[in-house]
Amino acid sequence: MPLKVIVSGMGIVSSLGYELDTFWKNLVEGKSGVKQITLFDASSCATRIAAEVPREFDEFSRTLVKKRASGQMTRVTRMCLVAAKQAVSLSGLDFEQEDKTRCAVIMGVVNTGNSSVEKDTSLQNTVFKSMTNSMPAWISLEYQLQGPNFAINTACASSAYAISMGMQMIRNGNADIVIAGGADSIINPEEINGFNALYALSVANDTPEAASRPFTSKRDGFVIGEGAGVVILESEEHALRRNAMIYGELAGSALTSEGYNIMAPMKDGEGMSATMEKAIKDAGIEKDDVDYINAHGTSTELNDRYETLAIKRVFGEKAYQIPVSSSKSMIGHTIGAAGAIEGIITLLSLRNGILTPTINYTDPDPDLDLDYVPNKCRPKEIRVALSNSFGFGGHNATLVFRKYHGKV
Amino acid sequence: MAKITENTRNEVRETVFSFFAEECEADKSQIKDATNIIKDLDGDSLMFLELIEIFKKKFNLDIELKTIGKYAVKHPVETIGQLIEMQLLIIEHENRLLELDK
């Protein structure tokens, strides 16, 4: 019997806040973090909107990250460390009381954000800012952890992969505690022009807050977001021994690869459905147990169509009774951080009994006919929830969270 | 070979103390010769290199990093006082630093 893995801490940095309570309140109110880009002059870009982390974060991060170290990090790496420190703080962990060789760090990192918009890069900090292992490295340095410590890059599924790998490490008895998650920002001219060339981004520049509109007939591409999400994973036994608060159980996961196309998902969502099936099996649950799906829901033509088809393939008629919502309608697509941030939203939904909405759901696509929790949050008791992440290159991940019925 | 005057010594001390106070967000008056750079100030090895660059420019020094590296292996620096003494030796002997060990 594998060890039961629980979540004992969470930390967030996003366009809708960098403290968990504020973030959750904004999600429940259906706010959008999407605005005109301010990080650089985007006037020559086809897309000029994004969900940026508020400028006040820089000041806030100074209270948690030392000046010297901060100068050796990109803004995105700082987001990661701040989210990790908030997660550790919430968990009540004192690493001096732990066997540090059994404390691991796994971060989903697509890039560190050392782009043309990054400020104050000197020759001496260029390497530190660019190292894709820098995010897990800074976290382990902060707490002098000595267990496995690495980064995973599977595009938009990166931090979901990190959380899944952390779960497996605990299940296998290779770690007691895993700090897992990720951070990302691709709000820079190079990436925006590149994604525009792929026709992947929304160009609804005049209505930024309404630009990310998953599952509607007016969806025209994703909106870039940025941020960080970090969770503390522990075995249930370890958490109970130290009398920790438990926010939910990570009951299972699946990691798959489509082997199909560098950009497009497999036709009709075949890869997506296979991933959800595998995750449900891994969690040892019945399909009838699933009360909510936090969708990948990018607001692109193909993803939303195929994800809907995939959910129908997995759940059959029951798919129409399962609420499915896209957090990206509010916070944009946070790329490497998406799996962790949306995993945290899923956990908060389970814990608080509230489904966060898909905002901007004003023009339904007649082909996409599930319950997308349109525009307003909704109370619902959730037993089990899935969180989907699908990345360019065919990297798929589904995390399965279950309400914890012990000490909460 | 440069002669180390009292003025040079004071200038090096002031530069080192100010550098660590600024970079490590420490109270300058609390930094002493015996202060451990890593344990007490949470400093890092890169700071040593940054200081060398500062002194290279300030004193127009002819010194290669590999020379300092070889010397530092035999004479490890842990405290502020040790670091100041090594910077003074570098200013005084430049690329002939290794001859001190002969």
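Scoring rules and cut-offs
- Each chain has its residues counted from 1, following the order in which its sequence is written.
- For naming, the first written chain is A and the first written ligand is 1, with later ones following in the order written.
- Since the coordinates come from a predicted model, pLDDT governs what is reported: local features require at least 70, and pairs of side-chain atoms require 80 or more to be given and counted, while whole-chain, interface and lining totals use all residues.
- Side-chain numbers here rest on the full set of heavy atoms in the structure, without hydrogens or water.
- When a residue's accessible area, from a 1.4 Å probe over protein chains only, is under 20% of the maximum for its type it is buried; when over 50% it is exposed; and in between it is partly exposed.
- Counting from the N terminus, the helices are DSSP H or I runs at least four residues long and the strands are E runs at least two residues long.
- The directions considered for the arc are those from the helix axis to the C-beta atoms.
- The contact criterion used is simple: two residues touch if any of their non-hydrogen atoms lie within 4.5 Å.
- Only strands that DSSP links by at least two bridges are regarded as paired with each other.
- Here the axes come from fitting lines to C-alpha atoms, over the contacting stretch only for helices, and the angles between their N-to-C directions go from 0 to 180 degrees.
- We call a set of buried Ala, Val, Leu, Ile, Met, Phe, Trp, Tyr and Cys residues a nonpolar core when their side-chain atoms join them within 4.5 Å.

**Things to note about helix α3 (residues 65-74) of chain B**
All names here are of chain B.
Then step 1. For α3, the complete set of buried residues consists of Thr 67, Ile 68 and Tyr 71. For α3, the angular spread of the buried residues around the axis is 95°, confining them to a single face. Exposed side chains of α3 directed beyond 90 degrees from the buried face belong to Lys 66, Lys 70 and Val 73.
Then step 2. Close packing links the buried residues of α3 with α2 (45-59) and α4 (80-93).

**Quick notes on the sheet that holds strand β5 (residues 149-152) of chain A**
Residue and element names in this part refer to chain A.
Then step 1. Spatial strand order, β5-β4-β6-β7-β1-β8-β14-β13-β9-β10: 10 strands in an open sheet with mixed pairing. On the outer flanks of this sheet lie β5 and β10 (324-325), each paired with one strand and no other.
Then step 2. Pairing of strand β8 (residues 248-257) with strand β14 (residues 395-402) involves eight bridges; the strand directions are antiparallel. Bridge pairing links Leu 250 to Phe 401 in β14.
Then step 3. Here helix α11 (residues 301-315) sits on the sheet and contacts β9 (290-294), β10 and β13 (384-391); the angle it forms with β13, its principal contact strand, is near 140°.

**Quick word on the pairing of strand β1 (residues 5-13) of chain A**
All names here are of chain A.
Then step 1. Among the nine residues in β1, nine count as buried, and that is most of the element.
Then step 2. In this sheet, strand β7 (residues 226-235) lies alongside β1 in antiparallel orientation, the contact comprising eight bridges. Counterpart to Ile 6 in the pairing with β7 is Glu 234.
Then step 3. Looking at chain direction, β1 and β8 are connected through three bridges and run antiparallel. In the strand pairing of β8, Val 7 is matched with Gly 248.

**Side note on the nonpolar core**
Note that soluble globular proteins tend to have their nonpolar side chains buried in a common cluster.
Residue and element names in this part refer to chain A.
Then step 1. If you look at the biggest cluster of nonpolar residues, it comprises 46 residues, and the most contacted ones within it are Met 10, Val 178 and Leu 233.
Then step 2. Discounting chain neighbours no more than four positions away, the residues touching Leu 233 are Val 5, Ile 6, Val 7, Ile 163, Gly 166, Met 167, Ile 170, Asp 176, Ile 177, Val 178, Ala 180 and Leu 250.
Then step 3. One finds Phe 57, Val 82, Ala 83 and Tyr 143 within the second-largest nonpolar core, a separate group that totals 34 residues.

**Quick look at unusual backbone geometry**
One can expect most non-glycine residues to show negative phi and most peptide bonds to be in trans.
Then step 1. Located in the positive-phi region is A:Phe215, a residue other than glycine, with phi close to 70°.
Then step 2. Tracing the sequence through the fold places A:Phe215 in the loop between α8 (189-197) and β7.
Then step 3. What makes A:Phe215 buried here is its relative accessible area of 1%.
Then step 4. Phi is positive for B:Glu25, close to 50°, though the residue is something other than glycine.

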